[in-house]
Amino acid sequence: MKRWEGKVAVVTGASGAIGGAIARELVKAGMIVCALARRRDKVEKLRASLFDVAGNLNCVECDITQEEDVKHAFGWIEGAYGGVDLLVNNAGVITKCLLTEKNNTKDLYTTMETNIIGLCLCTREAVKSMKARDVHGHIINVNSIFGHKVHQAVPGTRPLNGMYPASKYAVTAITECIRQELVYLDSQVKVSSISPGLVEGDIVANHTVNENDLVKYMPKLKPEDVAEAVLYAITTPDHVQVHELVIKPMGEFL
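Nothing here was measured: the structure is a model prediction, and the numbers come from that model.

Definitions and limits used
Residues numbered from 1 in each chain as written. Predicted model: local features only at pLDDT ≥ 70, side-chain atom pairs only at ≥ 80, totals over all residues. Heavy atoms only, no water. Helix = DSSP H or I, 4+ residues; strand = E, 2+ residues; numbered from the N terminus. Rg over C-alpha atoms; globule rule 2.2 N^0.38 Å. Buried < 20%, exposed > 50% of the residue type's maximum accessible area, 1.4 Å probe, protein only. Areas by Shrake-Rupley, 256 points an atom, 1.4 Å probe, with all protein chains shown as cover. Lys, Arg positive; Asp, Glu negative; His and termini not counted. Charge placed at Lys NZ, Arg CZ, Asp CG, Glu CD. Axes fitted to C-alpha atoms, helices over the stretch in contact; angles between N-to-C directions. Parallel < 35°, antiparallel > 145°, perpendicular 65-115°, else oblique. Left-handed = near helix turned anticlockwise from the far one by under 90°. Contact = heavy atoms within 4.5 Å. Nonpolar A, V, L, I, M, F, W, Y, C, P; charged D, E, K, R; others polar. Phe/Tyr/Trp six-rings, centres within 6.5 Å; stacked < 30°, edge-to-face > 60°.

Caption draft 1: Just the overall build of the protein, in detail. The helix and strand inventory of the protein stands at eight helices and seven strands. The C-alpha radius of gyration of the protein comes to 18 Å, within 12% of the 18 Å expected for a compact globule of 254 residues. The principal-axis extents of the C-alpha atoms in the protein amount to approximately 55 × 40 × 35 Å. Expressed as a percentage of the 254 residues in the protein, the buried residues total 52%. Total accessible area on the protein is roughly 12,300 Å²; 53% of this is exposed by carbon and sulfur atoms. Considering the protein, the positive charge centre built from 28 side chains and the negative charge centre built from 30 side chains are found 3 Å apart.

Caption draft 2: The environment of Leu99, seen in detail. Along the chain, Leu99 turns up in the loop between strand E4 (86-89) and helix H4 (105-133). Leu99 sits 64 residues away from Met163 along the chain, and the two C-alpha atoms are 6.7 Å apart.

Caption draft 3: Structural view of the packing of helix H1 (residues 17-28) against helix H8 (residues 223-234). Interhelical geometry of H1 versus H8 gives an angle of 50° and a closest axis separation of 8 Å. Relative to H8, the element H1 lies oblique. For the element pair H1 and H8, the recorded crossing hand is right-handed. Across the interface between the two elements, Ala17, Ile18, Ala21, Ile22, Arg24, Glu25 and Leu26 from H1 touch Pro223, Glu224, Val226, Ala227, Glu228, Val230, Leu231 and Ile234 from H8. Among the residues making up the contact of H1 with H8, the classes are represented as eleven nonpolar, no polar and four charged.

Caption draft 4: Summary view of the packing of aromatic side chains. Enumeration according to the criterion identifies two aromatic pairs in this entry. An angle of 80° between the planes, with centres 6.1 Å apart, marks the rings of Trp76 and Tyr81 as edge-to-face. Look at Trp76 and you get partly exposed, because its relative accessible area is 38%. With 6.3 Å between their ring centres and 70° between their planes, Phe146 and Tyr164 make a pair best called edge-to-face. A residue pair is termed long-range when its members are at least 10 positions apart, and Phe146 in the loop between strand E5 (138-142) and helix H5 (164-184) and Tyr164 in helix H5 qualify at 18 residues. Taking the relative accessible area as the measure of exposure, Tyr164 reaches 7% and is therefore buried.

Interpretation in functional terms is not warranted from these geometric data alone.
This is the structure in structure tokens:
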């Protein structure tokens, strides 16, 4: 992590379990972390817990589904720190609506706008910053095993998938599209997709635990495990790019 000391990282969804763990590890490694979140209070609580660390944590209020918010956030970061070196697209949502039930339009749009459009808006602004300064940057997309396989519903029970797997399958495809575009742009920027299984305290585990008793007993990763995967991906040599990294807890049966 030596080469990342003093560099600027943007982490979206840093108020959640996984985003908070990633932000914490990057700060401990000496990075200037700008946490994009709608809720400042949770990020401030995280910042207050960081003692004797090499880097620092800033909260930048931003709704990544709103283009002007994203432009303003990245503009502020450029003015304050010169630009972005690492982007972690972690923000995501999951809803309980079925694809076929009535009055679900808002939930459908919320999922796609956050998990796909927001990710693309942040990536666009980050690449613009990285390309302008010709840095060896990195984009991390926090994906999911549901971006590679649709969980099988137990017969007779309400399916819990909804739009979420579709949005994560899109992240899988988008990661490859971004990789191709970065090659076309002759950029020094890497892009990686990290796909964890169930994680303690993340949106999928919290969403399903009250709907499916089986989830309570499923093995889970810790948020810190995902953070360690991010550190691994960004510390490979310049000629090595981790394109897709799937991590599962031992004994997972999804």
